[in-house]
Amino acid sequence: MGKKIFTLKNIALGIGFVLVDLAIYVVLGLLLMDYDDFYDESEGAYWSLESMTTSQKTTYIGLNIWHVINVIIIGYVIYRIVRSWKNNVLQQNL
């Protein structure tokens, strides 16, 4: 029989990764609050890179990169779960 995916260790690791992920989102969100607080219409349109300082641009781009990383990781986790279930079903049918 194949390896079990939903072990206590894997569940604890998953919860830990989710908490770290949420902490990163909180930090990036708090850093972007600086943009909302000090936005100046004369610098450019709201949420345009022209109206942001260098640190705000870095935070904004970092947040978008973090979104992409999360989508890739979620896709990989789903792929591994589906592959594991398929392997278990195939082994049980043999």
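Structural notes, computed from the coordinates. No experiment lies behind these values; they were computed from the predicted model shown. (Residues numbered from 1 in each chain as written. Predicted model: local features only at pLDDT ≥ 70, side-chain atom pairs only at ≥ 80, totals over all residues. Heavy atoms only, no water.)

## Brief notes about the packing of aromatic side chains
Stage number 1. Applying the stated criterion across every chain yields a total of six aromatic pairs.
Stage number 2. Summarising the aromatic geometry, the rings of Tyr-39 and Tyr-46 are spaced 5.0 Å apart at their centres and angled 85° between planes, so their arrangement reads as edge-to-face.
Stage number 3. Here the aromatic cluster, defined as three or more aromatic residues joined through ring pairs, consists of Tyr-35, Tyr-39, Tyr-46, Trp-47 and Tyr-60. (Phe/Tyr/Trp six-rings, centres within 6.5 Å; stacked < 30°, edge-to-face > 60°.)

## A word on unusual backbone geometry
Stage number 1. Positive phi, normally seen in glycine, also occurs at Trp-47, with a value near 70°.
Stage number 2. Here Trp-47 is to be found in the loop between helix 1 (8–37) and helix 2 (54–93). (Helix = DSSP H or I, 4+ residues; strand = E, 2+ residues; numbered from the N terminus.)

## Topic: helix 1
Stage number 1. A rise of 1.5 Å per residue sets the reference length of helix 1, with its 30 residues, at 44 Å; its end C-alpha atoms lie 43 Å apart and thus fit the reference within 8%.
Stage number 2. Asp-21, Leu-28, Leu-32 and Tyr-35 are the residues of helix 1 that are buried.
Stage number 3. On its buried side, helix 1 packs onto helix 2. (Expected span 1.5 Å × (residues − 1). Buried < 20%, exposed > 50% of the residue type's maximum accessible area, 1.4 Å probe, protein only. Contact = heavy atoms within 4.5 Å.)

## Let's talk about helix 2
Stage number 1. Along its 40 residues, helix 2 runs 58 Å from first to last C-alpha, staying within 8% of the 58 Å computed at 1.5 Å per residue.
Stage number 2. Among all positions of helix 2, only Gln-56, Thr-59, Leu-63, Asn-70, Ile-81 and Ser-84 are buried.
Stage number 3. On its buried face, helix 2 is in contact with helix 1.

## So, a nonpolar patch on the surface
Stage number 1. Taken together, the side chains of Leu-49, Ile-61, Ile-65, Ile-69, Ile-73, Tyr-76, Val-77 and Tyr-79 define a hydrophobic patch exposed on the protein surface, amounting to about 720 Å² of accessible area.
Stage number 2. Leu-49 gets classed as partly exposed once you look at its relative accessible area, which sits at 39%. (Patch = residues over 30% accessible without salt bridge, like charges linked within 9 Å, V, L, I, M, F, W, Y side chains within 5 Å. Areas by Shrake-Rupley, 256 points an atom, 1.4 Å probe, with all protein chains shown as cover. Salt bridge = Lys/Arg side-chain N within 4 Å of Asp/Glu carboxyl O.)

## Thoughts on the environment of Ile-73
Stage number 1. Relative to the assigned elements, Ile-73 resides in helix 2.
Stage number 2. For Ile-73, a relative accessible area of 46% gives the class partly exposed.
Stage number 3. Along the chain, Ile-73 and Ala-23 lie 50 residues apart, while their C-alpha atoms are 17 Å from each other.

Structural measurements only, silent on function.
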